[in-house]
Amino acid sequence: GGGGGGGEAPRVWVGCEYECRHGHRAVVAPPHRLAEARGAVPLLSQLVGGEAPLARPCLSEGCAAAAQLQRIYVRTPDAPVGVELRPRVRFESGAAADPLAAADPSARTPAESSAAVLESSAPVLLPRGSLVVLRLPFLYYADGSPPLATAATAAEPDAAPASFLLPGWLSVVGGEGPAG
C-alpha cells in the first residue's frame, strides 16, 4: 500500500530546482510557489498549465545572478494512474532575456519573431510510487543552430533569448480520475 483507501484522490508532488552560477539552489513549484497537486487532472493541469521560465533571478538574498532551471522533481502516486512527462522548452528569437520579466509571464508580450521549440520525441510514462528527477541541460541544441543559452549560462546574459518550460509538460493518464 501507501495510497490509503477512502476515496482520496492520488497526489502528485512537483518541484522545480533553480541553481545560479554561485551554487545557490531553490526548489519552487511551477511557476513560483511550493506545490502539491491534489486530485488528478484538474489541479495538476493548473499547476503545469503555465509557462515556467528557464532562467529567473536567484532567490538567495544578495545574489544578483540569474538561476537556471536544472532539475524537475516528480513524486508519482502509488495508485492506478499513469503520470507522463514530456518537457518542451521555447527560446524566443530576438528577445533579450530579462529574468525578472521572465519570472512573471504576464509582464511580457509574445515574441513577434520565430521561436525555437525543443521537445522530447515521445512522452515518458513514469513509474508508480516513485520520485523521478529530470536533469535539464545547461545548453540547448536545435538542429542547425548554435547552442541556445539562458540568461544564467550565456556569456552576455542581457543578450540571451527569453526561454520557458512550456505548459502541459506533465499529465495524468488513465486510472480513476474525477472526470470518470
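See above for the structure.
Residues numbered from 1 in each chain as written. Predicted model: local features only at pLDDT ≥ 70, side-chain atom pairs only at ≥ 80, totals over all residues. Heavy atoms only, no water.

### Things to note about the overall build of the protein
Regarding its fold elements, the protein presents two helices and 13 strands. Taking all 180 residues of the protein together, the buried fraction comes to 42%. Look at the contacts in the protein between residues 6 or more apart in sequence, and 78% of them connect residues 24 or more apart. (Helix = DSSP H or I, 4+ residues; strand = E, 2+ residues; numbered from the N terminus. Buried < 20%, exposed > 50% of the residue type's maximum accessible area, 1.4 Å probe, protein only. Contact = heavy atoms within 4.5 Å.)

### Observations regarding the pairing of strand β13 (residues 170-173)
Of the two faces of β13, the one lined by L170 and V172 is fully buried and the one lined by S171 and V173 carries no buried residue. As paired strands, strand β7 (residues 82-85) and β13 are joined by four bridges and run antiparallel to one another. Note that in β13 the partner of V83 across the bridge is V172. (Pairing = 2+ DSSP bridges.)

### Details of the environment of L59
Considering the arrangement of structural elements, one finds L59 in the loop between β5 (55-57) and β6 (66-75). Sequence-wise, L59 and V27 are 32 residues apart; in three dimensions their C-alpha atoms are separated by 9.7 Å. Residues contacting L59, with those up to four places away along its chain left out, are A26 and V28.

### Looking at the pattern of salt bridges
Under the defined criterion, the tally for this structure stands at eight salt bridges. As a salt-bridge pair, E17 and R25 come within 3.1 Å of each other at their nearest N and O atoms. Residue classification places E17 among the buried positions, given a relative accessible area of 4%. Residue R86 pairs with E119 through a salt bridge whose shortest N-O separation is 3.7 Å. (Salt bridge = Lys/Arg side-chain N within 4 Å of Asp/Glu carboxyl O.)

### Some remarks on the sheet that holds β13
Pairing in this open sheet of three strands is antiparallel, and the strands run β10-β7-β13 from one edge to the other. The strands lining the two open edges of the sheet, one partner per strand, are β10 (124-126) and β13. The average angle at which neighbouring strand axes cross in this sheet is 35 degrees, direction not considered. (Axes fitted to C-alpha atoms, helices over the stretch in contact; angles between N-to-C directions.)

### Here's the deal with the environment of A66
Secondary-structure assignment places A66 in strand β6. For the pair formed by A66 and A151, sequence separation is 85 residues and the distance between their alpha carbons is 6.3 Å.

All quantities given are derived from atomic positions and should not be read as evidence of function.
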